[in-house]
Amino acid sequence: MSEPASYVYKADNLDQTAMLAARLASCFQAGTVITLDGDLGAGKTSFSQAVAKAIGVKEIVNSPTFTIIKEYEGEVFPFYHMDVYRLSQEEADDLGLDDYFYGEGVTLIEWASLIEELLPPDRLSITIEHTGDTGRRFKLTPLGNPYEQWCKELKENGIVL
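What counts, and where the lines are drawn
- Residues numbered from 1 in each chain as written.
- Predicted model: local features only at pLDDT ≥ 70, side-chain atom pairs only at ≥ 80, totals over all residues.
- Heavy atoms only, no water.
- Helix = DSSP H or I, 4+ residues; strand = E, 2+ residues; numbered from the N terminus.
- Rg over C-alpha atoms; globule rule 2.2 N^0.38 Å.
- Areas by Shrake-Rupley, 256 points an atom, 1.4 Å probe, with all protein chains shown as cover.
- Lys, Arg positive; Asp, Glu negative; His and termini not counted.
- Charge placed at Lys NZ, Arg CZ, Asp CG, Glu CD.
- Pairing = 2+ DSSP bridges.
- Axes fitted to C-alpha atoms, helices over the stretch in contact; angles between N-to-C directions.
- Contact = heavy atoms within 4.5 Å.
- 1 Å grid on protein atoms, 1.4 Å probe; cavity = no way out; pocket = protein on both sides within 12 Å on 5 of 7 lines; lining within 4 Å.
- Points joined across faces, edges and corners; volume = space filled by probe spheres on them.
- Buried < 20%, exposed > 50% of the residue type's maximum accessible area, 1.4 Å probe, protein only.

Draft legend 1. Looking closely at the overall build of the chain. Of the regular secondary structure elements, the chain holds five helices and seven strands. Taken over C-alpha atoms, the radius of gyration comes to 15 Å for the chain, in line with the 15 Å a tight globule of 161 residues would show. For the chain, the accessible surface area stands at approximately 8,300 Å², while carbon and sulfur atoms represent 48% of it. Computed over 13 positive and 26 negative side-chain charges, the inter-centroid distance for the chain is 9 Å.

Quick look at the structure:
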């Protein structure tokens, strides 16, 4: 099986990060799953906050490092924000993640590669890298529909490379 296509988005600042989040959020539907990986401090939580704002979450969104999962009410979809960094595989198995992945909301998982075996096959995988003090490089890898279509549209519109 060949590697899925990847797309690159370069952000020089938080405003440009928020723009990517908003563009993606305009595509969301119930059951959307976004996975985030990157070094500590790469911007996973900042991106998560931008996604939450883009779907109309009014509450302050912060990292769910110790609570594992935080649920927020958005204007259109519930927002499920997960941080699985401190989660063992056994604990992850017991959380009922499928209820989130295949539910009515948008699920965003920080450190998702740590629970790779439990992730749904269809999702948008995003890896974030530092490119300077405020710069970030986002590598978007769509796995299945509709994520492939979203990325193709972003490329057609000159948003991603």
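Draft legend 2. Layout of the pairing of strand E6 (residues 123-130). Here strand E2 (residues 32-38) pairs with E6 via five bridges, running parallel. Note that in E6 the partner of Asp37 across the bridge is Thr127. Of the pairings in the sheet, the one linking E6 to strand E7 (residues 136-143) comprises eight bridges and is antiparallel in character. Within E7, the position partnered with His130 by the bridge is Arg136. Hairpin remark: E6 followed by E7, antiparallel, with five residues in the connecting loop; positive phi at Gly132, about 145 degrees.

Draft legend 3. Representation of the sheet that holds strand E4 (residues 78-83) in the model. Reading across the sheet, the seven strands line up as E1-E7-E6-E2-E5-E4-E3 and stay open at both edges, with mixed pairing between neighbours. A single partner strand is all that each edge strand has here, and the edge strands are strand E1 (7-11) and strand E3 (69-73). When strand polarity is set aside, the average angle formed by the axes of neighbouring strands in this sheet is 20 degrees. In the packing of helix H2 (residues 44-54) onto the sheet, the strands contacted are E2, E4, strand E5 (106-110), E6 and E7, and the crossing angle to E5 comes to about 170 degrees. Against the sheet, helix H5 (residues 147-156) contacts E1, E2, E6 and E7, and its axis sits at roughly 135 degrees relative to E7.

Draft legend 4. Up close: the layout of surface pockets. Of the voids in this model, the largest pocket is the one considered here, and its volume is about 160 Å³. Considering the residues around the largest pocket, the lining is formed by 14 residues, among which Leu40, Thr45, Asp83, Glu110 and Trp111 are closest to the centre. Of the residues forming the lining of the largest pocket, the biggest block, three residues, is contributed by H2.

Draft legend 5. Representation of the pairing of E5 in the model. With five of five residues buried, E5 lies mostly within the body of the structure. Burial of the side chains of E5 extends over both faces: Val106, Leu108 and Glu110 are buried on one face and Thr107 and Ile109 on the other. Where E2 and E5 come together, five bridges link them in parallel fashion. When the sheet's bridge partners are listed, Thr32 is paired in E5 with Val106. By the bridge criterion, five bridges tie E4 to E5 in an arrangement that is parallel. Following the sheet pairing, His81 is matched in E5 by Leu108.

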